[in-house]
There are 2 protein chains.
Amino acid sequence: MSAFQVINKEVDGFARRGRITTAHGIIETPCFMPVGTKATVKGLTPKQLEEEVGAQIVLGNTYHLFLRPGHELIKKLGGLHKFMGWSRPILTDSGGFQVFSLSSLRRIEEGGVTFRSPIDGSTHHLTPESSISIQEDLGADIIMAFDECTPYPATHKEALDSLELTARWAARSLNARQRSDNLLFGIIQGSTYPELRRLSLEKTVAVGFDGYALGGLSVGEGQTSMYDVVNEFGSQLPEAAPRYLMGVGTPEDLLVAVAAGLDMFDCVMPTRNARNGMYFTSYGPLSIKQARFREDPGPIDARCNCYTCRNFSRAYLRHLFMAKEILSSVLATIHNLHFYNKLMAGMRDALVGGEFQRFKSSFLADYKSQE
Amino acid sequence: MSAFQVINKEVDGFARRGRITTAHGIIETPCFMPVGTKATVKGLTPKQLEEEVGAQIVLGNTYHLFLRPGHELIKKLGGLHKFMGWSRPILTDSGGFQVFSLSSLRRIEEGGVTFRSPIDGSTHHLTPESSISIQEDLGADIIMAFDECTPYPATHKEALDSLELTARWAARSLNARQRSDNLLFGIIQGSTYPELRRLSLEKTVAVGFDGYALGGLSVGEGQTSMYDVVNEFGSQLPEAAPRYLMGVGTPEDLLVAVAAGLDMFDCVMPTRNARNGMYFTSYGPLSIKQARFREDPGPIDARCNCYTCRNFSRAYLRHLFMAKEILSSVLATIHNLHFYNKLMAGMRDALVGGEFQRFKSSFLADYKSQE
C-alpha cells in the first residue's frame, strides 16, 4: 500500500485531503509542520505541542543538528524522536538551504558543499550521500534529497545549472538511502522560470521519490512570483504523492497553495513572530506591544479556543512581552501554532464537506478585515 | 476558626505539619512558594505550575507589579489571580526589600520610602499605607506588612533604629488594611543581634498579625549567622500562626528551618539557577553544561519523576542549554520547582509519620554525596 492516499479532492479545483502513513503515525493533509530547528520547537515542551497545539509532525534542521550536538550523538541516544521526546512523525530537511543561507566560505562542487560552522569556525563538507546518511542517523520519518537551493535572483543559465546539479544530487540521494522505514522526497528547483521549473520537475520525477517538494521559494522573489510558480506547478507534481511547499508561509499563502494542490508546509513565521510579539488572529496579524492593548481584557482572538486565548487577556500578554518574560514567547507560540493548525484542520474539514472554496473566501475576508 | 491549624508536631523538636486556609484554597505546610515576580513564574504556564510542579501558592513582587504594569491596571482587570491565570493562593511581599535592593535614589523617612524606577527613572513613594493598598488591589491571599529590610552589615544602633521603624510601620500597615479576605503577616527584623531580634519579635507580636515572618536574612550574613537566628527564633514566633522565613533558601536551609519550627519559604534559587543550567538533585546540585553530560542518556535525577526527568536525557538537556534554547529554562524550572515541592511534601509526610529527623538525615546524607 502506498504511504499516501488522497481521500477527497475538489471537483473543480486541485485542493485535496490526504493521509500520509509513516513509521511514527499518520499525518492528515493538508498539514503545517512547526519548525523545531535544534531538536526543539522553541519554547514548547513536546507535551504542549501535542496537547495545546495538536501538531501532527515537526521539522528538524539537519544543518543545525549536524553542527550541534551532532548526528552521531543523537543516533547513539536512540534517534531524534527519543532525543527530543517527540513520538509523532518528524521531517528533516537536507541541510542544503541552511548551508547556503547561514554559512560562510561555501564552496559548491559536483561532489557537494564545503562550508564553515558559524558556531566554532570549523570546516565541514555535506554531500548528497552524507546528508541522507545524517538524516537516517537522526531517524526522521520523512527525509529530503540534498539540493542546491537556487539563490534569488538567478540568471536563466545559473538557474539551469543549479537545477541540473540538484537533479544529479537527487539521483545520488536516492542511491544513498539505506533505511526502508522513511519516505524520501525530491525537491524541484528552477527559480521563477516556468520552463526550468518544468525541466526540474521532469528530472526529479524521473529519479522517482515518495514525495515531491517545491524548493527555492520564499527566498526574495516576492508573493506574485511565488504564487505564479505555486499555481502553475502545484497540481503538476505527481498526484499520487505528497506535495510539499518548503518554507511557506502566511495564512493566505497556505490557502493559495492548498488550492493549487499542495499538501505540506513548514515555516518559521508562526514561531519566530510569536517571539517578537506578533499574534495571528482570525482578523489578521496583531502586534501585542501596541499601547491600545494595555488595558484590553479580551483574548487575542475571540474565535480562538487555544490555551492562551482561554486563559489570558491581551493586557496580560502585552505585559509579558513588554517585561521580556519567557512566558510571552511560550504563550504566543502556543497561540500561533494552534492558529496554523486550526487553519489546516479547517481546510481539511472543508475538503471533506466539498466546501473548500467557500472556506477559503470566508477565512480571507475575515483575515483581511483587521478587526 | 483560625486560618492556621497545626496538624502534627514533632515530639522532641519544633517541626510541624500545618494547614493555612485562604480565600483561594488551602496551603499544606511546610511549603515552598515559587517566585512569580512579574505576574509569572519565569517560563512556566500556570498549567505547568499546577500539573508538573504541584505548586500550592506563588509569590508576586509588589515592587515590580507596582512599577509595571501597575496595580491599578491589575485591579481593573480583576486582580492578580485573574490577570496571571492562577487560581490558587498568592502571597505578595510589601515591596520594601526590592526598594532597598533594586532602586536608586532611596530616601527613607518616617512616612515611607522615595525611590526611582529602574524602568523609566520616574520617582515613586511607598508607605505602609500605600503598600497595603497596592497589595489589596492586587488581591493576594497573604500580604506582608511594609518593613525596612535592615541592610547587612548594620551596627547595633542602625539595626535598632531600623527595627523600631519597622515596628511603627507594622502598626500602620495593620491600620491600613481594608479587606477581610486576606491574611496579613508582620516581619521581624533585628539583623544578627539576638536581643534585637527578640525586641523586634515582641514589638511585632504586640501589633498582632495573622502570621509572622523572619526578614532581613539571606542578605549577606552567611549561613552560620542565618542558622543562628533561625534556630533561636524559629520556634519563638507565635505557635498558633504560620511562620515564614523570607528569601530562603537551599534544600539544606529548608530542612534546618523546618526543624527550627518554620512553615513557609520562598526563594529565587530553584527558578533562577534553572535558567543558568543548574539542576537540584537528590545527590546535590548539578551543572548541566559540564562536558561529562554530553552523551549521558540518563535523567537528571534517577529518583525524580518530574516531567523533565521522565522524558529527557542529560545529553538533551545539556544540548538545549548549550544552544541557549528557551526550552532549557522551561524544563530546568519544572524540575527544580518539582524537586523543591517534593522535598516539602517529603517533610510533610515525615511529620505525619513522626519521622522528620530520620527524613532530614537521610535526605542530607544523599544530598551531600555528590553522586
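Definitions and cut-offs
Residues numbered from 1 in each chain as written. Chains lettered and ligands numbered in written order. Predicted model: local features only at pLDDT ≥ 70, side-chain atom pairs only at ≥ 80, totals over all residues. Helix = DSSP H or I, 4+ residues; strand = E, 2+ residues; numbered from the N terminus. Rg over C-alpha atoms; globule rule 2.2 N^0.38 Å. Buried ≥ 20, exposed ≤ 12 C-beta atoms within 10 Å, placed from the backbone. Domains from an automatic or database assignment. Contact = placed C-beta atoms within 7 Å. Nonpolar A, V, L, I, M, F, W, Y, C, P; charged D, E, K, R; others polar. Pairing = 2+ DSSP bridges. Axes fitted to C-alpha atoms, helices over the stretch in contact; angles between N-to-C directions. Least-squares fit on C-alpha atoms with pLDDT ≥ 70 in both. Core = buried A, V, L, I, M, F, W, Y, C linked by C-beta atoms within 7 Å.

1. So, the overall build of chain A
Part 1 of the argument: Helix and strand counts for chain A come out as 15 helices and 16 strands.
Part 2 of the argument: The globule rule puts the C-alpha radius of gyration for 371 residues at 21 Å, and the 20 Å found for chain A is close to it.
Part 3 of the argument: Its C-alpha atoms give chain A principal-axis dimensions of roughly 60 × 50 × 40 Å.
Part 4 of the argument: Burial status across chain A gives 56% buried among its 371 residues.

2. Topic: the domain arrangement of chain A
All names here are of chain A.
Part 1 of the argument: For chain A, the assigned domains read domain 1 (4-266) and domain 2 (268-371).
Part 2 of the argument: Centre-to-centre separation of domain 1 and domain 2, based on C-alpha positions: 26 Å.
Part 3 of the argument: With 28 residues of domain 1 in contact, the opposing surface of domain 2 contributes 27 residues.
Part 4 of the argument: Residue assignment for the side of domain 1 that touches domain 2 shows that the elements contributing at least two residues are strand S2 (16-22), strand S4 (31-33), helix H1 (46-53) and helix H10 (251-259).
Part 5 of the argument: The element that contributes the greatest number of residues to the side of domain 1 that touches domain 2 is H10, accounting for 6 residues.
Part 6 of the argument: When grouped by side-chain class, the residues that make up the side of domain 1 that touches domain 2 number 15 nonpolar, 6 polar and 7 charged.

3. Structural notes on the sheet that holds strand S13 (residues 243-245) of chain B
All names here are of chain B.
Part 1 of the argument: Strand order in the open sheet made by the 8 strands is S4-S14-S13-S12-S11-S10-S6-S5, with parallel pairing throughout. Both outer strands of the open sheet, strand S4 (31-33) and strand S5 (58-60), are each paired with one neighbouring strand and no more. Within the sheet, the average angular offset between the axes of one strand and its neighbour, ignoring direction, is 25 degrees.
Part 2 of the argument: Across 3 bridges, S4 lies against strand S14 (residues 264-266) in parallel orientation. Following the sheet pairing, phenylalanine 32 is matched in S14 by phenylalanine 265.

4. A short note on the relation of the copies chain A and chain B
Part 1 of the argument: Mapping chain A onto chain B calls for a rotation angle of 180 degrees and an axial translation of 0.0 Å; the resulting RMSD is 0.0 Å. Expressed as an axis order, the relation between the two copies is that of a two-fold axis. Residues of chain A ranked by C-alpha distance from the rotation axis are headed by A:Ile326, positioned 3.7 Å from it.
Part 2 of the argument: Residue by residue, 100% of the interface of chain A is reproduced at the interface of chain B, so both copies engage with the same surface.

5. A look at the environment of A:Glu129
Residue and element names in this part refer to chain A.
Part 1 of the argument: Examined against the element boundaries, glutamate 129 turns out to sit in helix H6 (residues 128-138).
Part 2 of the argument: By the C-beta count within 10 Å, which is 17 here, glutamate 129 ends up partly exposed.
Part 3 of the argument: Each C-alpha atom, one on glutamate 129 and one on serine 225, is 32 Å from the other, the two residues being 96 residues apart in sequence.
Part 4 of the argument: Excluding anything up to four places from it in sequence, glutamate 129 contacts Arg172 and Ala176.

6. With respect to the nonpolar core
Part 1 of the argument: Formed by 228 residues in total, the largest nonpolar core has its most connected members in A:Phe185 and B:Phe185.
Part 2 of the argument: If we ignore the near neighbours within four places in the chain, the residues touching B:Phe185 are B:Ile142, B:Met144, B:Ala145, B:Phe209, B:Asp210, B:Gly211, B:Tyr212, B:Ala213 and B:Tyr244.

7. Describing unusual backbone geometry
Part 1 of the argument: Residues A:Arg68 and A:Pro69 are joined by a peptide bond in cis, for which omega reads 5 degrees.
Part 2 of the argument: For A:Pro69, the position within the fold is in the loop between helix H2 (62-67) and helix H3 (71-76).
Part 3 of the argument: Omega for the peptide link from B:Tyr152 to B:Pro153 comes to -5 degrees, which places this bond in the cis form.
Part 4 of the argument: Along the chain, B:Pro153 falls in the loop between strand S10 (142-144) and helix H7 (156-176).
Part 5 of the argument: Positive phi is not limited to glycine here, since B:Ser218 has a value of about 60 degrees.
Part 6 of the argument: Topologically, B:Ser218 is positioned in the loop between strand S12 (211-214) and helix H9 (223-233).
Part 7 of the argument: Here B:Lys324, not a glycine, exhibits a phi torsion of approximately 55 degrees, which is positive.
Part 8 of the argument: With respect to the helices and strands, the residue B:Lys324 is situated in the loop between helix H13 (314-322) and helix H14 (326-352).
Part 9 of the argument: Owing to 9 C-beta atoms within 10 Å, B:Lys324 belongs among the exposed residues under this scheme.

8. Re the interface of chain A and chain B
Part 1 of the argument: The partner chain B presents 32 residues to the 32 residues of chain A that form the contact.
Part 2 of the argument: Looking at the side of chain A that touches chain B element by element, the count peaks at 5 residues for helix H13 (residues 314-322) of chain A.
Part 3 of the argument: For the side of chain A that touches chain B, the class distribution of residues is 17 nonpolar, 8 polar and 7 charged.

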